Amino acid sequence: MVAIRTRGLSKRYSGGLFGSDVTAVSDLDLTVERGEVYGFLGPNGAGKSTTIDMLLNYSYPTEGTVEIFGENIQENPEVIDRRVGVVPEGYGLYDRLSGRRNLEFAIEWQNASDDPAHLLARVGLDADDADRPVGDYSKGMTQRLALAMALVDDPDLLVLDEPSSGLDPNGIRRLRDIIREEASDGTTVFFSSHVLSQVEAVCDRVGILDDGELVAVDTVAGLRETAGASSTLTLTMENPPSPDVVRSDGVSAVDVRGKQLRVTCADARAKAEIIARLVERGHNPIDVGSEEASLSEIFGDYVRGGSAHDDGETATERNTPQQEVAT
Ligand SMILES: Nc1ncnc2c1ncn2[C@@H]1O[C@H](COP(=O)(O)OP(=O)(O)OP(=O)(O)O)[C@@H](O)[C@H]1O
């Protein structure tokens, strides 16, 4: 069964500063299978938040439809309250109340039987912080609370808009674990993120939005292949053989330096064959290392201007110089 399906989804904003229309999302056909972890990527202004707002019925499409678990959300908006957990939460938080009380309200409001202490522990919000007013929370603490509230009543679909925003490395790891746990329990997870390494670590598929249009949908491995991203095999051996031994169709460059043989493969599948060939000819490696092009490198191949960005990572030069986009 399909968890999210949009058909011809478009959103135009009219009358901007200079009276011109902005097409934020254009004719989007998106399909997210049930149980999938789907990463939604795109540079700033690509239309991710606008799409998510339409998926959650916070904003009406100019054209097109959204179905959540087969139900048209404009005809049956209650499907969202019943089956979807959202970060950040649309109805907001009560600033004067504690995080714990906000969470208890969410549990009561949904008639759920969750234990607040269990949810708070799961997202790593400690007991003292849980008892402080939400108005005093840091961004990361607010994000942790929002995630706890999204998990109330075990939703079938989690929609997370930039869920790692404000989280420290420990919080990011915890978020990744929660996404994996939820997915293994059958929950569909749809999330937008600028943290490409995180998307790479947990997503079954990735959709790349650029200028309101879906420019690619695939697994990270599939995107890598389509983008022709190279991977590098580094073999350490006592006496590296002549480069000719490893040259073959899938190999684009071979470099020997001291005890290291570096082989750049246009096709990642060539790597196993290279190792087998070396061993067969008596060149046994002492150590083997392998590097794949990161999602941030691949991402740059799909979006306007070849921009790539990632938290904590600089844009990497591939065929053309790339600019780093502020996150
Ligand atoms: N309320 C609005 N009125 C007019 N234009 C808008 C409005 N909301 C968004 N836009 C425009 O729609 C386009 C898409 O914006 P959106 O916020 O969906 O992008 P995004 O991919 O979420 O970006 P970011 O990564 O920066 O959050 C942008 O050009 C933006 O300026």
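Reading the values: rules and limits
- Residues numbered from 1 in each chain as written.
- Predicted model: local features only at pLDDT ≥ 70, side-chain atom pairs only at ≥ 80, totals over all residues.
- Helix = DSSP H or I, 4+ residues; strand = E, 2+ residues; numbered from the N terminus.
- Contact = placed C-beta atoms within 7 Å.
- Buried ≥ 20, exposed ≤ 12 C-beta atoms within 10 Å, placed from the backbone.
- Pairing = 2+ DSSP bridges.
- Expected span 1.5 Å × (residues − 1).
- Domains from an automatic or database assignment.
- Near = placed C-beta within 6 Å.
- Nonpolar A, V, L, I, M, F, W, Y, C, P; charged D, E, K, R; others polar.
- Axes fitted to C-alpha atoms, helices over the stretch in contact; angles between N-to-C directions.
- Parallel < 35°, antiparallel > 145°, perpendicular 65-115°, else oblique.
- Left-handed = near helix turned anticlockwise from the far one by under 90°.

As recorded by an unreviewed UniProt entry, the protein chain carries the name ABC-2 type transport system ATP-binding protein and is attributed to Halorubrum xinjiangense.

(A) Spatial organisation of the overall build of the protein chain. When you go through the protein chain residue by residue, the secondary structure sums to 11 helices and 14 strands. With the C-alpha coordinates of the protein chain rotated into their principal frame, the extents come out at 70 × 50 × 40 Å. Long-range contacts, defined here as pairs at least 24 residues apart, represent 65% of the contacts in the protein chain between residues at least 6 apart.

(B) Expanded view of the pairing of strand 14 (residues 287–291). Summarising burial for strand 14: 0 of the 5 residues are buried, a small minority. Here 5 bridges tie strand 11 (residues 231–236) to strand 14, and the two strands are oriented antiparallel to one another. Considered in strand 14, the bridge of Thr234 is made with Gly289.

(C) Quick peek at helix 6 (residues 139–150). If you check helix 6, its first and last C-alpha atoms are 16 Å apart, about what 12 residues at 1.5 Å a residue would give, namely 16 Å. When you tally the buried positions in helix 6, you get 9 out of 12 residues, the bulk of the element. For helix 6, the full list of buried residues reads Met141, Gln143, Arg144, Leu145, Ala146, Leu147, Ala148, Met149 and Ala150. Looking at the buried side of helix 6, the elements it contacts are strand 6 (84–87), helix 3 (99–109), helix 4 (116–123), helix 5 (127–130), strand 7 (157–161) and helix 7 (169–184).

(D) Expanded view of the domain arrangement of the protein chain. Each domain of the protein chain was delimited in the assignment, giving domain 1 (2–224) and domain 2 (230–291). For domain 1 and domain 2, the distance between their C-alpha centres works out to 43 Å.

(E) Layout of the sheet that holds strand 1 (residues 2–13). Read from one edge of the open sheet, 4 strands run 2-1-4-5, paired in antiparallel fashion. This sheet does not close on itself; its edge strands, each paired only once, are strand 2 (22–33) and strand 5 (71–72). When strand 4 (residues 63–68) meets strand 5, the two strands line up antiparallel, connected through 2 bridges. Following the sheet pairing, Glu67 is matched in strand 5 by Asn72.

(F) Structural context of the site of the ligand. Around the ligand sit 12 residues, and of these Tyr13, Ala24, Asn44, Ser49 and Thr50 come closest. Listed by contribution, the elements that provide at least two residues to the shell around the ligand are strand 2 and helix 1 (48–55). The element best represented in the shell around the ligand is helix 1, accounting for 3 residues. Partitioned by chemical class, the residues of the shell around the ligand number 4 nonpolar, 7 polar and 1 charged.

(G) Region of interest: the packing of helix 3 against helix 4. Packing of helix 3 against helix 4 leaves a shortest axis separation of 10 Å and a crossing angle of 120°. Taken together, helix 3 and helix 4 sit at an angle that is classed as oblique. The two elements helix 3 and helix 4 cross, and the hand of that crossing is right-handed. Seen from helix 3, the contacting residues are Arg100, Leu103, Glu104 and Ile107; seen from helix 4, they are Pro116, Leu119 and Leu120. In terms of residue class, the contact of helix 3 with helix 4 is made up of 5 nonpolar, no polar and 2 charged.

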